[in-house]
Amino acid sequence: DTAVSQTPKYLVTQMGNDKSIKCEQNLGHDTMYWYKQDSKKFLKIMFSYNNKELIINETVPNRFSPKSPDKAHLNLHINSLELGDSAVYFCAAADSGHTEAFFGQGTRLTVV
Amino acid sequence: AQSVSQHNHHVILSEAASLELGCNYSYGGTVNLFWYVQYPGQHLQLLLKYFSGDPLVKGIKGFEAEFIKSKFSFNLRKPSVQWSDTAEYFCAVSIYGNNRLAFGKGNQVVVIP
């Protein structure tokens, strides 16, 4: 079983659309993250949730809304997609002691 | 604010050459340190990690890293690289008790056969 799974792996959509990316972890970890990796491979943290509660919300446009229905899931909903949202989005899960973060396979979002 | 610095973003070397990638962080408290690797088109995988104890940490695929507290550094090394080591390498730091895992900007390493 994959420890952290994201769907979809690829997402191509038009500007202005609303889309969601789903993330599930089967590790039982308390902390989950969303990271954005741009074309230069820079990894920037977007959100961090601990046990379903939002802990970190970086300077991300409010078009991005994370939702954690339970400890095992952290979904990312994006409204009114823009060209600049094109990137690879990674979900990750870590225990509260941060002994290691496990990453999903990534979702390559392309906005056209 | 917590920050992680990686220098020499692009590194090109020949097979069998030695590799050293620098990582410095800017937090004085207790930290956990990581090196992740991202092969082309893939997700991040853990190479090695340091929490406490022996400052010389050995990871997978022949990589090792040394934690030097006085220099706030956690440099990654491999004595002899292979073509398959071509990848992006990321240093990451988490502060004990904090939910933030911060990454450096990465080193793109290309190994020429």
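For the structure, check the block above.
Quick caveat, the model's predicted, so the values are computed rather than measured. (Residues numbered from 1 in each chain as written. Chains lettered and ligands numbered in written order. Predicted model: local features only at pLDDT ≥ 70, side-chain atom pairs only at ≥ 80, totals over all residues. Heavy atoms only, no water.)

> A description of a nonpolar patch on the surface should follow, citing residues and the corresponding values.
Together, I12, V110 and I112 of chain B make up a nonpolar patch on the protein surface, roughly 250 Å² of accessible area in all. Locating V110 of chain B in the fold gives a position in strand β12 (residues 107-112). (Patch = residues over 30% accessible without salt bridge, like charges linked within 9 Å, V, L, I, M, F, W, Y side chains within 5 Å. Areas by Shrake-Rupley, 256 points an atom, 1.4 Å probe, with all protein chains shown as cover. Salt bridge = Lys/Arg side-chain N within 4 Å of Asp/Glu carboxyl O. Helix = DSSP H or I, 4+ residues; strand = E, 2+ residues; numbered from the N terminus.)

> Outline the interface of chain A and chain B, supporting the account with residue identities and numerical values.
Facing 23 residues of chain A, the contacting portion of chain B comprises 20 residues. Taken over both partners, the interface formed by chain A and chain B buries close to 1900 Å², and the fraction arising from carbon and sulfur atoms is 55%. Counting the contacts that link chain A with chain B gives one salt bridge. A salt bridge links E100 of chain A to K49 of chain B, with the shortest nitrogen-to-oxygen separation between them at 3.7 Å. Counting across the chain A and chain B interface gives four residue pairs in polar contact (both at pLDDT 80 or more). Residue assignment for the side of chain A that touches chain B shows that the elements contributing at least two residues are β4 (31-37), β5 (43-50), β6 (53-57) and β10 (101-103) of chain A. Looking at the side of chain A that touches chain B residue by residue, the class counts come to 10 nonpolar, nine polar and four charged. (Contact = heavy atoms within 4.5 Å. Buried area = accessible area lost by both parts, 1.4 Å probe. Polar contact = N/O pair within 3.5 Å; in protein donor to acceptor, adjacent residues only side chain to side chain. Nonpolar A, V, L, I, M, F, W, Y, C, P; charged D, E, K, R; others polar.)

> Residue-level account of the pattern of salt bridges, with values.
Residues and elements named next belong to chain A. One pass over the structure, following the stated rule, counts eight salt bridges over all chains. For D85, the salt bridge goes to R63, with nearest N and O atoms at 2.8 Å. In this pair, D85 sits in the loop between β8 (73-78) and β9 (87-94) while R63 sits in the loop between β6 and β7 (64-70), placing the two residues 22 residues apart along the sequence. Across this residue pair, the class does not change: D85 and R63 are buried. (Buried < 20%, exposed > 50% of the residue type's maximum accessible area, 1.4 Å probe, protein only.)

> So what's going on with unusual backbone geometry? Which residues, and what values?
The linkage connecting T7 of chain A with the following residue, P8 of chain A, adopts the cis geometry, with an omega of -5°. By the secondary structure assignment, P8 of chain A is in the loop between β1 (4-7) and β2 (10-13). Backbone geometry places N51 of chain A, a non-glycine residue, at a positive phi of 50°. Judged by relative accessible area, which is 42%, N51 of chain A ranks as partly exposed. Positive phi is not limited to glycine here, since A16 of chain B has a value of about 80°. Mapping A16 of chain B onto the fold places it in the loop between β2 (10-14) and β3 (19-21). Classification of A16 of chain B by relative accessible area gives exposed; the value is 53%.

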